[in-house]
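Survey of secondary and tertiary structure
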Amino acid sequence: MNHFLDIHKTEAADLRAMIEQARAMKEARAGRSRGAADDEQPLAGRMVALIFEKPSTRTRVSFDLGVRQMGGETMVLSGADLQLGHGESIADTARVLSRYVDMIMIRTFEEPILLELAEHSDVPVINGLTNRTHPCQIMADVMTFEEHRGPIAGRKVVWCGDGNNVCASFLHAAGQFGFDFTFVGPSELDPESEFVELARARGVNVEIERDAERAVEGADLVVTDTWVSMHDSQSTRQRRHNLLKPYQVNESLMAKAGPDALFMHCLPAHREEEVTSAVMDGPHSVIFDEAENRLHAQKAIMRWCFGV
Ligand code: CP
Ligand code: NVA
């Protein structure tokens, strides 16, 4: 049994195997309707709990569908509906759920909630986003990059804007998949230095820049995310917008990156804020492939967790 808690906590060879399996499983389903079963049913007889303490469209639907395609069943639970949201300890919740279900995927707030759940769970736990990281998203992003451009190793990824949870998982992936990573944004919103150092210790080049046009030169991939994440206080909204405005991804910035650069965004996006519609709907953008690949990447993650 494996937990999938973060990209930097998972062996690089396992991550690579998951990407290859995701690609193979996607190819094997080509032309089938979404609800059709996969030929292989590795999750037959397994029940997966999907717990959401924050909103979600992609994570909710792609995990639910992925389990069903592989023959399993799901229960989707909101944090507020569980006793967890009303004072029951995380450890006791983990012990109880372990008697009912075969796997737990959780989207939550503080990282210690995820870690404590995993520590006390007898079944695999998957991180479906915390305030600090979002590993499932970046597995889909690596898969998407490679579908369009081949191996990501040695390429240059530029993160533009807030050094948030999605950025953190990209930094983890840089170290594990061997690509260079440039963060460009205001110093107030830099990614955690611990994660920057971790990637550098794994031998990849990590740059911290303040000038967006200079940063995107030679980029193979430009990525951004919302300026206000779900865990950010709305009272910081105006300040964040003021800080991040110079880092909007627009056509003029993508022109500096060059004709072959891809654009990604985990979604949901705020059109005309962190990114313009011209970029989201333009020739560099692979945002809906990313969204689709959440399904395939997570199916491979779940198989790895179960060892099936
Ligand atoms: N990208 C992503 O995780 O989207 P949701 O918040 O809709 O799940
Ligand atoms: N950084 C965003 C990602 C949403 C998928 C958030 O945490 O709200």
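Located above this text is the structure these notes cover.
Keep in mind the model is a prediction, meaning the values are calculated, not measured. (Residues numbered from 1 in each chain as written. Chains lettered and ligands numbered in written order. Predicted model: local features only at pLDDT ≥ 70, side-chain atom pairs only at ≥ 80, totals over all residues. Heavy atoms only, no water.)

Description of the environment of I7
Inclusion rule: Under the scheme used here, helices are H or I runs from DSSP no shorter than 4 residues and strands are E runs no shorter than 2 residues, and both carry numbers assigned from the N terminus. Contacts between residues were defined by any pair of non-hydrogen atoms, one from each residue, lying within 4.5 Å.
By secondary structure assignment, the location of I7 is in the segment before α1 (12-28). It is 9.7 Å that separates the C-alpha atoms of I7 and A168, two residues lying 161 residues apart in sequence. In contact with I7, not counting residues within four places along its chain, are L15, P135, I138, M139, S169, H172, A173 and Q176.

Observations concerning the pairing of strand β8 (residues 221-224)
Side-chain positions along a regular strand alternate between the two faces of the sheet. Inclusion rule: Each residue's exposure class comes from its accessible area (1.4 Å probe, protein chains only) as a fraction of the maximum for that residue type: buried when under 20%, exposed when over 50%, partly exposed otherwise. Whether two strands pair comes down to DSSP finding at least two bridges between them.
Of the two faces of β8, both are covered, the one formed by L221 and V223 as well as the one formed by V222 and T224. Pairing geometry for strand β5 (residues 156-160) and β8, over three bridges, is parallel. Considered in β8, the bridge of V158 is made with V222.

With respect to α1
For clarity, the cut-off: In this scheme, a helix's expected span is set at 1.5 Å multiplied by one less than its residue total. The reported arc concerns the directions from the helix axis to the C-beta atoms and nothing else.
With 17 residues, α1 should cover 24 Å at 1.5 Å per step; its first-to-last C-alpha distance of 24 Å lies within 8% of that length. Those residues of α1 that sit buried are L15, M18, I19, A22, M25 and K26. The buried residues of α1 occupy an angular sector of 135° when the element is viewed end-on, so they sit on one face. Of the residues in α1, the exposed ones pointing more than 90 degrees away from the buried face are A13 and E27. Those residues of α1 hidden inside the fold are in contact with α5 (135-149), α6 (165-177) and α12 (287-306).

A closer look at the side chain of H172
Within the fold, H172 resides in helix α6. If we skip the residues at most four places from it in the chain, H172 touches D6, I7, H8, T133, F195 and L198.

Observations concerning the pairing of strand β3 (residues 103-107)
Among the five residues in β3, five count as buried, and that is most of the element. Where β3 lies against strand β4 (residues 125-127), three bridges are found, and the strand directions are parallel. In the strand pairing of β4, M105 is matched with I126.

Comments concerning the packing of aromatic side chains
Both the distance between ring centres and the angle between the ring planes are used here to describe each pair of aromatic rings. Cut-off, in case you're wondering: When the centres of two rings from Phe, Tyr and Trp lie within 6.5 Å, Trp using its six-membered ring, the rings pair. Their planes under 30 degrees apart give stacked, over 60 give edge-to-face, and anything left gives tilted. Here, over-ring charges are defined by two tests on the NZ atom of lysine or the CZ atom of arginine: distance to the ring centre within 6 Å, and angle to the ring normal within 35 degrees.
Throughout the structure, instances matching the rule amount to four aromatic pairs. Between F170 and F179, the aromatic rings sit 6.1 Å apart at their centres with planes inclined by 80°, giving edge-to-face as the arrangement. Neither residue differs from the other here; F170 and F179 are each classed as buried. Three or more aromatic residues joined by ring pairs make a cluster, and in this case those are W159, F170, F179 and F181. It is R46 that lies over the ring of F306; its NZ or CZ is 4.2 Å from the centre. The ring of F52 has R60 lying over it, and the distance from NZ or CZ to the ring centre is 4.5 Å.

Brief notes about the site of ligand 2
To be explicit about the condition: Near residues are defined by distance, with any heavy atom within 4 Å of the molecule or strand qualifying the residue. Nitrogen and oxygen atoms within 3.5 Å of one another constitute a polar contact, given that in protein one can donate a hydrogen and the other can accept it, and given that sequence-neighbouring residues count only through two side-chain atoms. Here the Shrake-Rupley method, with its probe set to 1.4 Å, supplies the accessible areas, and only the displayed protein chains count as covering residues. The definitions used throughout rest on a 1 Å grid laid over the protein atoms alone, on which a cavity is an enclosed set of points accommodating a 1.4 Å probe that cannot get out and a pocket is an open set flanked by protein within 12 Å on both sides along at least five of seven lines; lining residues are those having an atom within 4 Å of a point. A molecule is said to be in a cavity or pocket once over half of its atoms fall within 2 Å of that pocket's grid points. In the scheme used here, Gly and all other residues not listed as nonpolar or charged are polar, with Ala, Val, Leu, Ile, Met, Phe, Trp, Tyr, Cys and Pro taken as nonpolar and Asp, Glu, Lys and Arg as charged.
The environment of ligand 2 is formed by L129, N164, N165, V166, D225, T226, S229, M230, C266 and L267. At 2.8 Å, a side-chain N or O of N165 approaches an oxygen atom of ligand 2. In the complex, 95% of the free accessible area of ligand 2, which totals 270 Å², lies under the protein chains. Judged by the proximity of its atoms to the pocket grid, ligand 2 belongs to the largest pocket. Residues that form the shell around ligand 2 fall into these classes: five nonpolar, four polar and one charged.

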